[in-house]
Amino acid sequence: MEKILLMIYPLAEGSLITIELFAVTLLLSLPLGLVLALARRSQNRPLSKAVEIYNWIMRGTPLMLQLLFIYFALPGFGILLPDFAAAILAFVLNYAAYFAEIFRAGIQSISKGQYEAARALGFTYYETMRRIIVPQMIKRVLPPIGNETITLVKDTSLVYVLAMNDLLRAARTIVQREFDMTPFMIAAIFYLAMTFVVTRVFNWLENHYARYDE
């Protein structure tokens, strides 16, 4: 028991890095994804096409490759980022593209009659999106956003390649030192706990917004 307790402390420290990476990525990628979704639907064709190409690249290449490119290739252009900043940049750019497509699909699911009614009431495009379209869209995109958020929890383990002492790296370090697989089991419990919390939060949000359908 004492041995397990000694393992938990470094794993808990690693989980803090995992949670911080998760929280910052989510905080930045969600609004960026919404901005990209609105730009994708813009009447400005060059802007819309540029966002379409960006989303295609970020969703069509592995996040691991993007992490390695930002960490190892950018210094060749004179851009040297700390480990955590490089990880955040890669995660935000990647997940913003996924969230953008989810938001775009949610916006397109709103009937055109809503736009016409808003125009008849004298609403500007910005007011229409802020007061009418986006509030309805949020309710519809919560399930896919929740799925992507759970995926984000697990994808944080990819920062292992940047030698960051996250939860997975902390577990492997102990395994290599002690020749004991227990740290991997404890790390799995940490990940399951985090995904459980995320799932509960999104279930609450879905139930909260479902009240407006009644």
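Residues numbered from 1 in each chain as written. Predicted model: local features only at pLDDT ≥ 70, side-chain atom pairs only at ≥ 80, totals over all residues. Heavy atoms only, no water.

As annotated in an unreviewed UniProt entry, the protein carries the name Amino acid ABC transporter permease and is attributed to Candidatus Avacidaminococcus intestinavium. Quoted verbatim from the Subcellular location (unreviewed entry) field of UniProt, the annotation for the protein is "Cell membrane". In the Sequence similarities (unreviewed entry) part of its UniProt record, the protein is described as follows: "Belongs to the binding-protein-dependent transport system permease family." (UniProt positions renumbered as here; feature names shortened; annotations may be inferred.)

**Quick notes on the confidence of the model for the protein**
When the pLDDT values of the protein are averaged, the result is 88; 94% of them are 70 or greater. At the level of individual helices and strands, the protein shows its lowest average pLDDT in helix α5 (residues 112-120), which scores 81, and its highest in helix α2 (residues 45-60), which scores 95. (pLDDT = per-residue confidence, 0-100. Helix = DSSP H or I, 4+ residues; strand = E, 2+ residues; numbered from the N terminus.)

**Some points on the environment of P135**
Along the chain, P135 turns up in helix α6 (residues 125-155). Once the C-alpha coordinates of P135 and P31 are considered, the two residues, 104 residues apart in sequence, prove to be 14 Å apart. Other than its neighbours up to four places away in sequence, P135 contacts M129 and R130. (Contact = heavy atoms within 4.5 Å.)

**Let's talk about the nonpolar core**
Grouped together as the largest cluster of nonpolar side chains are 46 residues, with contacts concentrated most on L11, A87, F91, F99, F103, I133 and I145. Of all the elements, helix α4 (residues 83-108) adds the most residues to this core, at 11 residues. Apart from residues lying up to four places away in sequence, A87 is in contact with L21, L67, V159, L162 and M164. In this structure, L36, A39, A96 and A100 belong to the second largest nonpolar core, which totals 5 residues. (Core = buried A, V, L, I, M, F, W, Y, C linked by side-chain atoms within 4.5 Å. Buried < 20%, exposed > 50% of the residue type's maximum accessible area, 1.4 Å probe, protein only.)

**Points about the side chain of R104**
Looking at where R104 falls in the secondary structure, it is placed in helix α4. There is a polar contact of 2.8 Å between the side chain of R104 and the side chain of E101. (Polar contact = N/O pair within 3.5 Å; in protein donor to acceptor, adjacent residues only side chain to side chain.)

**Here we look at the UniProt feature "transmembrane region" (unreviewed entry) in the protein**
Residues given the UniProt feature "transmembrane region" (unreviewed entry) here are residues 16-39, 60-78 and 184-205. Secondary structure across residues 16-39 comprises 100% helix and 0% strand; the distance between its end C-alpha atoms is 34 Å. Regarding residues 60-78, the helix share stands at 63% and the strand share at 0%, and the terminal C-alpha atoms are separated by 26 Å.

**Topic: the packing of helix α7 (residues 167-178) against helix α8 (residues 182-210)**
In the contact formed by α7 and α8, the axes pass within 8 Å of each other and the chain directions differ by 165°. Relative to α8, the element α7 lies roughly antiparallel. As for the relative orientation of α7 and α8, their crossing is right-handed in sense. Only P183, F184, A187, F190, Y191 and M194 of α8 make contact with α7, whose side of the interface consists of L167, L168, A171, R172, I174 and V175. Residue composition of the contact of α7 with α8, by class: 11 nonpolar, no polar and 1 charged. (Axes fitted to C-alpha atoms, helices over the stretch in contact; angles between N-to-C directions. Parallel < 35°, antiparallel > 145°, perpendicular 65-115°, else oblique. Left-handed = near helix turned anticlockwise from the far one by under 90°. Nonpolar A, V, L, I, M, F, W, Y, C, P; charged D, E, K, R; others polar.)

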